[in-house]
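This is what each chain is made of:
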Amino acid sequence: MTIQFDVERSAGQNADGYHEFRLGEFSFRRDEFFAYITWPTGSHMMSVDAFLRALQRDVAWDFFYGIVNFDGVFGTVNHYGTVDIFAGRYNDSYRKAELDYSENVETLVIRETFKAVLSDWTNESFDPFASPHETGSAFGVKNGNNDAAVTRQRVAAERMVGLPNDQQPRTTEAGYPVNRMFADVDQTEPVVEVEPGFEDEVAAFSLFAYLSRSNVTWNPSVVSVCKDSLACPTTEEYILPIVHGNDRVEWFIQLSDEITWDVEDRDTGAVRSRVVMKAGDVSAMPADIRHQGYSPKRSMLLVWENNSGAIPEAIASGNAPTYPVEF
Ligand code: PHB
Ligand code: FE
């Protein structure tokens, strides 16, 4: 069965050539430089490049784990089937002034609306997944689209990478050249001598070579799945376009270079710590914080997620701790 849902889009374009959208009581409008959001108790504006980078992640990750803050005011909370869209809910000042607002909507409805906004507001010069150094401008009047980039599918291996039919296009011929910042990464693949009969089951690959060919930033790919344990490496440059408020513990292994993380209280935004991770460092982000990473050079990060659907409730009800280990 196909469920039909009509995105609420203005009949015509505004003076700058963009459509306007509605989702419940929220409205969305862009001009040359800014995205404008309104809701019954207030309004907000964001630089449109930052807005589109955040929107791209929210859409591509299907609302991710927990909270996706576009900035200190606007964002979404994933309830895995429905999504809250909010303004000011995780902002102490908005809460105290009682200006915060949120609505719960079916995932399908917000997904289709956000996809339509992303498609309409992204000009052909702009790739929201790319490092700012590797894309043109998001600004200006409506100029074409970049649907090829914004509908890019998140890379997910069919089998362990390196095995036959892993479905991993990762060669220069397939359009994945080594990134300019990873020119020094050794491209040799490990030699594995497989016992006859096991050629289809035993393999190894260089994760560094694999990641050196990533053409996106801040977009973890699932390269291995073992029950609920997901290994999601990614390449990072500039700023994580969202402030992620997790509903579970999340581990980071810094594989190369350096990322600085600003860590805040998930609900109020109060500063909790600043974590500088250098190559080889491992950290666990607690389940009651929100974080945003800064990567001055393109770096490789392994994000390790526990995908179990039981965790958010166990943590929210106090049956599981917000931190991962007791020393
Ligand atoms: C995170 O929120 O933990 C996160 C998201 C995207 C990344 C890295 C980390 O690329
Ligand atoms: Fe996170």
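Quick note: structure is the one above.
Per chain, residues are indexed from 1 in the order of the written sequence. Here chains are named by letter from A upward and ligands by number from 1 upward, in the order in which they appear as written. Confidence filtering applies because this is a predicted model: local features only for residues at pLDDT of at least 70, side-chain atom pairs given and counted only at 80 or more, and all residues used for totals across whole chains, interfaces and linings. Hydrogens and waters are ignored; side-chain quantities use all the structure's heavy atoms.

Engineer: Hey, could you go over the pattern of salt bridges for me, with residue numbers and the actual values?
Structural biologist: A carboxyl oxygen of Asp or Glu within 4 Å of a side-chain nitrogen of Lys or Arg is what we treat as a salt bridge. Applying the stated criterion across every chain yields a total of 17 salt bridges. Salt-bridge contacts for Glu 112 lead to Lys 115; the nearest nitrogen and oxygen are separated by 3.5 Å. Of the two residues, Glu 112 and Lys 115 both sit in helix α3 (residues 107–121), three residues apart, roughly one turn of that helix. For Glu 112, a relative accessible area of 26% puts it in the partly exposed group. Each residue is placed in one exposure class: buried if its accessible area under a 1.4 Å probe, protein chains only, is under 20% of its type's maximum, exposed if it is over 50%, and partly exposed if it falls in between. The class for Lys 115 is partly exposed, based on a relative accessible area of 37%. Here Glu 134 ties to Arg 298 by a salt bridge, and the two come within 3.5 Å at their closest N and O atoms. Linking Glu 134 in the loop between α3 and α4 (147–150) with Arg 298 in strand β17 (residues 289–306), this pair joins segments that are 164 residues apart in sequence. In this text, helices come from DSSP runs of H or I with a minimum length of four residues, and strands from runs of E with a minimum of two, each type numbered from the N-terminal end.

Engineer: So what's going on with empty space enclosed by the protein? Residues and values would help.
Structural biologist: Vacant regions in the atomic arrangement are exposed by a probe of water-molecule size rolled over the atoms. Both site types are read off a 1 Å grid over the protein atoms alone. A 1.4 Å probe that fits but cannot get out defines a cavity, while an open set with protein on both sides within 12 Å along at least five of seven lines defines a pocket; lining residues have an atom within 4 Å of a point. Grid points are joined across faces, edges and corners, and a volume is the space filled by probe spheres set on the points. Per the stated rule, a full pass over the model turns up two cavities of 30 Å³ or more. Of the pockets and cavities examined, the largest cavity occupies roughly 120 Å³. Around the largest cavity, the lining comprises 17 residues; the ones closest to its centre are Phe 64, Pro 220, Leu 240, Trp 261 and Val 303. Those elements giving two or more residues to the lining of the largest cavity turn out to be β11 (229–239), β13 (250–254) and β17. If one sorts the elements of the lining of the largest cavity by residue count, β17 sits on top with four residues. Computed from the structure, the second largest cavity encloses a volume of approximately 40 Å³.

Engineer: Any details on the site of ligand 1? Residues and values, ideally.
Structural biologist: We call a residue near a given molecule or strand whenever any one of its heavy atoms falls within 4 Å of it. Lining the immediate surroundings of ligand 1 are 15 residues, of which Trp 218, Glu 236, His 244, Glu 250 and His 291 lie closest. In this structure, Glu 236 approaches ligand 1 through a side-chain N or O atom, which is 2.6 Å from an oxygen atom. His 291 places a side-chain nitrogen or oxygen 3.2 Å from an oxygen atom of ligand 1. To be clear on the numbers: accessible area is Shrake-Rupley with a 1.4 Å probe, and residue cover counts the displayed protein chains and nothing else. Isolated, ligand 1 exposes 280 Å² of accessible area, and the fraction of that covered by the protein chains is 100%. Pocket occupancy is defined atom-wise: a molecule lies in a cavity or pocket when more than half of its atoms are within 2 Å of its grid points. Under a 2 Å grid-point criterion requiring more than half of the atoms, the pocket assigned to ligand 1 is the largest cavity. Within 3.5 Å is the distance limit for a polar contact, defined as a pair of N or O atoms, with the added protein rule that one can donate a hydrogen and the other accept it, and that residues adjacent in sequence qualify only through two side-chain atoms.

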